[in-house]
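Now for the letters of each chain:
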Amino acid sequence: MSDNRDDKLDSMLRSRRIEAASPDLAARIILKAQSLPQVQNISLWHSVRQLFAEFHLPKPGYVLASALVLGMVVGFSTAPENSQLSEASSATAHSYIGGDEGLL
Amino acid sequence: MPAAWPEKDDHELLALIQDGSGQAFAALAERHTERFYRLAFRYLQNKAAAEDVVQDAFLKLWENPANWQPDRNSKFTTWFYRVVVNLCFDQRKRKGTVALDEDMPVIDDRAPVDETMMRAQEHRIFEKEIAALPARQRTALNLCFDEGLTNQEAAAVMGLSLKALQSLIMRAKTTLKERMKAYL
C-alpha cells in the first residue's frame, strides 16, 4: 500500500505541468542584452598600463618634456649663486632705459 | 549567426561572451532559456515572474561575464541553476507568498469533464502543497524530479552533501504523502 502511494507520488511529481514560456522569451533576452554594456573585469596590471597609455606622447614630445625638466632642475639648482649678478644686470638695464627716456 | 555557434559547447560560448561576443550570448540564451524558465516557473508558479527571473539571470551574465569562473565552477548549468534559484528566492522574498496562477491551463481535452475537473483540482492542491514546503525541500524536489538532475548534481547545485540532499527529498515526500493522502 505504502509502495503504491510512493509510486503515485513520484508519478505526480514527474508529471507536473507548467505554463509554456513565451515563444519569444530568448529573443527578448538577446535584444535587451544588446542595449546593455558589458562590465569588463580589468586587472590591476591592465589598469596601470591603461593609465600610462593615457599619457602617451610622441618621441619629440618626450625630448621636449625632458629638456624642460632638465632646464628647470639646472635653473633651480644654480639660481641662488647668480642672484646678485641678475640684480646687477637688471640695474644696468634700468639705467640704460632711463638714459633713453632722458633723450626723448 | 555563423553555423558553428550551436556546435560550440557552453564553456566555449562563455569564453567568447567574456570577450564581448553578442553572438555567443545569443547562442547560449537560445540553448538554455526554456530549461531555466521551467525551473523558475516551478518556484514562482507565475509565467511573467518566471520569465523576468530568467531574463534577469541572463542579463546579469551578459553584464558581468566574469562572474562565471570556469576554474571554480565545473559546469555552466550547475552554476546557472544556482543563480536562477537564488533569484527566485529573492523574488519570493520581495513578493511574499505565491498565489497560483488561476489561468494556468490544466485541461486535457481527451478526458471527460468530471475527470478533468478532478484532475485540475488535484493538480492545484498538489502545487499548493509543494509551494508550502520549506524552500530547500522544494528546491531539492524541483531539481531532481523536474529538471532530471541526478542527486549528486542537485547536491552540487545546492551546495549540500549527497546525504543532506537525500534527507531533504525524503522529508519533502513524507510531508506530501501525508497532505495528499486523499488523492494517493
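Here is what the cut-offs are and how they apply
- Residues numbered from 1 in each chain as written.
- Chains lettered and ligands numbered in written order.
- Predicted model: local features only at pLDDT ≥ 70, side-chain atom pairs only at ≥ 80, totals over all residues.
- Helix = DSSP H or I, 4+ residues; strand = E, 2+ residues; numbered from the N terminus.
- Buried ≥ 20, exposed ≤ 12 C-beta atoms within 10 Å, placed from the backbone.
- Contact = placed C-beta atoms within 7 Å.
- Axes fitted to C-alpha atoms, helices over the stretch in contact; angles between N-to-C directions.
- Parallel < 35°, antiparallel > 145°, perpendicular 65-115°, else oblique.
- Left-handed = near helix turned anticlockwise from the far one by under 90°.
- Nonpolar A, V, L, I, M, F, W, Y, C, P; charged D, E, K, R; others polar.
- pLDDT = per-residue confidence, 0-100.

**Quick notes on the overall build of chain A**
Along chain A, the regular secondary structure elements total five helices and zero strands. The secondary structure elements of chain A, listed N-terminal to C-terminal, are α-α-α-α-α. Taking all 104 residues of chain A together, 6% fall into the buried category.

**Focus: the overall build of chain B**
For chain B, the count of helices and strands is eight helices and zero strands. Secondary structure elements of chain B occur, N-terminal to C-terminal, as α-α-α-α-α-α-α-α. The 184 residues of chain B split such that 30% are buried. Contacts in chain B between residues at least 24 apart in sequence constitute 56% of all its contacts with a sequence separation of at least 6.

**Some words on the packing of helix α3 (residues 47-63) of chain B against helix α4 (residues 76-95) of chain B**
All names here are of chain B. In contact at an axis separation of 9 Å, α3 and α4 are set at 130° when each is read in the N-to-C sense. On the basis of the axis angle, α3 is oblique to α4. Pair α3 / α4 crosses with right-handed handedness. Residue-level inspection shows Ala49, Val53, Val54, Asp56 and Ala57 of α3 in contact with α4, the latter providing Phe80, Val83, Val84, Leu87, Cys88 and Gln91. The class makeup of the residues in the contact of α3 with α4 is nine nonpolar, one polar and one charged.

**Structural notes on the interface of chain A and chain B**
Taken together, the contact between chain A and chain B spans 24 residues of the former and 36 residues of the latter. Contributing elements (two or more residues each) for the side of chain A that touches chain B: α1 (2-14) and α2 (25-34) of chain A. Ranked by residues supplied to the side of chain A that touches chain B, first place goes to α2 of chain A with eight residues.

**Describing the environment of Glu30 of chain B**
Residue and element names in this part refer to chain B. With respect to the helices and strands, Glu30 occurs in helix α2 (residues 22-44). With 17 C-beta atoms packed within 10 Å, Glu30 lands in the partly exposed category. Between the alpha carbons of Glu30 and Pro6 there is a distance of 9.3 Å; along the sequence they are 24 residues apart.

**Overview of the environment of Phe58 of chain B**
Here Phe58 of chain B shows up in helix α3. Through-space distance from the C-alpha of Phe58 of chain B to that of Ala29 of chain B is 7.1 Å; in sequence the pair is 29 residues apart. When neighbours within four sequence positions are excluded, Phe58 of chain B is seen to be in contact with Ile29 of chain A together with Ala29 of chain B.

**Some remarks on the confidence of the model for chain B**
All names here are of chain B. For chain B, mean pLDDT is 85; residues scoring 70 or higher make up 88% of the total. Confidence, expressed as mean pLDDT per element, reaches its minimum in chain B at helix α5 (residues 113-131) with 82 and its maximum at α3 with 95. Ignoring residues within four places in sequence, the model shows residues 102-109, a span with pLDDT below 50, making eight contacts including any to other chains. Across the whole predicted complex the pTM is 0.66, and at the interface the ipTM reaches 0.76.

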